[in-house]
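Letter by letter, the chains look like this.
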Amino acid sequence: MVRSIVKLAQCVRMPGSRPPHARITDSCMNPPATGAAGAVLFRDASVLDSSGAPPFRADVRVEGQRIAAIARSGAARQPGAATVIECRGATLMPGLIEPHAHLSFVDQATPFAFTAIPVEEHLLLTLKHAKLYLDQGFTSCFSAAATKPRLDIVVRDAIARGDHPGPRLRAASVQLTVTGGVGDLRQLHLDPGEAMYTLPCDGPVEFRRAAREACREGVDVLKIVPSGDTSTPAVPSARTLMTDDEVAAVCEVARAHERVVAAHARSAESIRMCVRHGVSVVYHATCADEEALDLLESRKAALFVAPALSVTVTRLRDAGKFGLPASDALKRRIETDLERTIATMKALKARGVRVLPGGDYGFMWNPHGANARDLTWFVDLLGFTPMEAIVGATRHGGEIMGMGEELGQVREGFLADLLLVDGDPLADLSILEDRARLLAIMKDGTFHKHPPARLTGR
Ligand SMILES: [Zn+2]
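Now for a description of the structure that goes with this document. Bear in mind the structure is a predicted one, so any value in this text is a computation, not a measurement.

Rules used throughout
Residues numbered from 1 in each chain as written. Predicted model: local features only at pLDDT ≥ 70, side-chain atom pairs only at ≥ 80, totals over all residues. Heavy atoms only, no water. Helix = DSSP H or I, 4+ residues; strand = E, 2+ residues; numbered from the N terminus. Buried < 20%, exposed > 50% of the residue type's maximum accessible area, 1.4 Å probe, protein only. Contact = heavy atoms within 4.5 Å. Areas by Shrake-Rupley, 256 points an atom, 1.4 Å probe, with all protein chains shown as cover. Donors = N, O, S within 2.8 Å, 3.2 Å for Na, K, Ca; no water. Salt bridge = Lys/Arg side-chain N within 4 Å of Asp/Glu carboxyl O. Pairing = 2+ DSSP bridges. Right-handed = clockwise from strand over helix to strand, strands pointing away. Axes fitted to C-alpha atoms, helices over the stretch in contact; angles between N-to-C directions. Left-handed = near helix turned anticlockwise from the far one by under 90°. Nonpolar A, V, L, I, M, F, W, Y, C, P; charged D, E, K, R; others polar. Phe/Tyr/Trp six-rings, centres within 6.5 Å; stacked < 30°, edge-to-face > 60°. Lys NZ or Arg CZ within 6 Å of the ring centre and 35° of its normal.

## Digging into the overall build of the protein
- Secondary structure summary: the protein contains 14 helices and 17 strands in total.
- Residues classed as buried in the protein amount to 58% of the 458 residues present.
- Across the protein, contacts joining residues at least 24 apart in sequence account for 71% of those joining residues at least 6 apart.
- In the form shown here, the protein has an accessible surface area of approximately 17,600 Å², with 53% of it arising from carbon and sulfur atoms.

## Observations concerning the coordination of the zinc ion
- For the zinc ion, the full set of protein donor atoms is His 100 (NE2), His 102 (NE2) and Asp 360 (OD), at a range of 2.1 to 2.3 Å.
- Each donor residue of the zinc ion lies on the same chain, and together they follow the pattern H-x1-H-x257-D. Note that His 100 is positioned in strand β6 (residues 96–101) and Asp 360 in the loop between α10 (328–350) and α11 (373–382), a separation of 260 residues in sequence. Residues His 100 and Asp 360 agree in their burial class; the two are buried.

## Some thoughts on the pattern of salt bridges
- Per the stated rule, a full pass over the model turns up 26 salt bridges.
- Between Glu 297 and Arg 351 there is a salt bridge, with its nearest N and O atoms 2.8 Å apart. One end of the pair, Glu 297, is in helix α8 (residues 290–298); the other, Arg 351, is in the loop between α10 and α11, with 54 residues separating them in the sequence.
- When its relative accessible area of 17% is taken as the criterion, Arg 351 is described as buried.
- Its salt-bridge partner being Asp 422, residue Arg 437 comes within 3.4 Å of it at the nearest N-O pair.

## A short note on the environment of Lys 128
- For Lys 128, the location among the structural elements is in helix α3 (residues 119–135).
- Classification of Lys 128 as exposed rests on a relative accessible area of 55%.

## Details of the pairing of strand β11 (residues 221–224)
- Covered by surrounding structure in β11 are Val 221 and Lys 223 together with Leu 222 and Ile 224, the residues of both alternating faces.
- Two elements, strand β9 (residues 172–177) and β11, share three bridges in a ladder whose sense is parallel. In the strand pairing of β11, Gln 175 is matched with Lys 223.
- Direction of pairing for β11 relative to strand β12 (residues 260–265): parallel, over a ladder of four bridges. Counted as the bridge partner of Lys 223 is Ala 262 from β12.
- For the crossover that starts at β11, traverses helix α6 (residues 244–257) and ends in the parallel β12, the hand is right-handed.

## Some points on the packing of helix α9 (residues 309–317) against α10
- Close contact between α9 and α10 brings their axes to 10 Å; oriented N to C, the two are set at 145 degrees. In this structure, α9 crosses over α10, and the sense of that crossing is left-handed. Contacts from Leu 309, Thr 312, Val 313, Arg 315 and Leu 316 in α9 reach Leu 330, Lys 331, Ile 334, Glu 335, Leu 338 and Thr 341 in α10.
- Class assignment of the residues belonging to the contact of α9 with α10 gives a composition of six nonpolar, two polar and three charged.

## Here's the deal with the packing of aromatic side chains
- Under the defined criterion, the tally for this structure stands at five aromatic pairs.
- Summarising the aromatic geometry, the rings of Tyr 133 and Phe 138 are spaced 6.3 Å apart at their centres and angled 70 degrees between planes, so their arrangement reads as edge-to-face. The two residues Tyr 133 and Phe 138 agree in class, both being buried.
- Ring geometry for Phe 378 and Phe 384: centres 4.8 Å apart, planes at 65 degrees, overall edge-to-face.
- We classify Phe 384 as buried; its relative accessible area is 8%.
- Three or more aromatic residues link up through ring pairs in this structure, and these residues are Phe 105, Phe 363 and Trp 365.
- Directly above the aromatic system of Phe 56 lies the positively charged group of Arg 72, at a separation of 3.7 Å from the ring centroid.

## Structural notes on unusual backbone geometry
- Located in the positive-phi region is Asp 107, a residue other than glycine, with phi close to 55 degrees.
- Its relative accessible area of 25% is what places Asp 107 among the partly exposed residues.
- With a phi close to 50 degrees, Ala 285 is a non-glycine residue in the positive phi region.
- Within the secondary structure, Ala 285 is located in the loop between β13 (281–284) and α8.

Dropping the structure here:
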């Protein structure tokens, strides 16, 4: 599976195609318009490079799509034109990466809302959310499922072509579940028609066919739902729904098509199955037992875990406004899920497993647009340091995108996905939640949000 992730990255850009590294230049007095065509010099930034090292003062030069040079303060400069951004110690850091994105979720209270939206309106909403993620500094998203089969695919491609603003996107399939599994909304007395939130499959033959069809249409990620979920009382979190041969069938298709598999896996047995068969991304991992923890640790170089804290934390904190949870008993089960998730994530962190922030946004009580708060919860609930939370949302984010060699760090040769931040996120992570404090947002060397005129001398 590691090999398939690497190949995915190579499809995006073959090694050796990077522009030659340039040298830091002096400013010109009348800078050209900013953009990918001209060089950009971030002068005197506090560089938080996401290697894990403390920030350092430096000039960072961008040419084309990439970071061409980083010159620490005091290093010699070469002459040459560039648009100069006077950072005056503002933090320059990698763009944030959301590893559990559902751009086609529509901030709804129940999954039934998905099926009510025609595909045309649904596409417009998905594009709107894509721009919103970039507006809040998320320059990449790894999708954890679309709600109609081609929504992620067409949005990914529109963004990649430059037709619409948004993060670089790993496009996912709809969730592949079982009859009676999480998200199977069918009712015997109603014709389900074409409306689909998840795709129920039964047996390896049906899972294999659905996975192959999704690959044919162009997904990067096959999403499966092998366990239950507390939000669906009929199939609680600790229950395992997919069988071993069903999980194996999807993973087999992923290997053949060089895609990755991501799983909603809350029960211990579902986690164990996922690891055994080569699932790359394990979401939630709520009820992991010792055997599941050992298995996750044994493949920690090849997989990622993302708890999606926000959807659970806010369901307890904010969902009451919408009449949820529906009962005290359900609330207690959700609280238990959160406690288990916290214990599991602490254990995985101690074992060196990559645990990434990212919060399953797109529900009424957990709407799109506040995604950076998961970093703070990683500190408050899981005992991460602010640096560890940032590395999880950037460097490890680049790795989950299959682009760890060129995405998620401020390094020479890496893609210029950069945030210029007013303040020090290591001292106060909540700065990242405040869009006004994001002075500039650059993706692929092009400003999505231009720095204020006071920083460019214009
Ligand atoms: Zn999700």
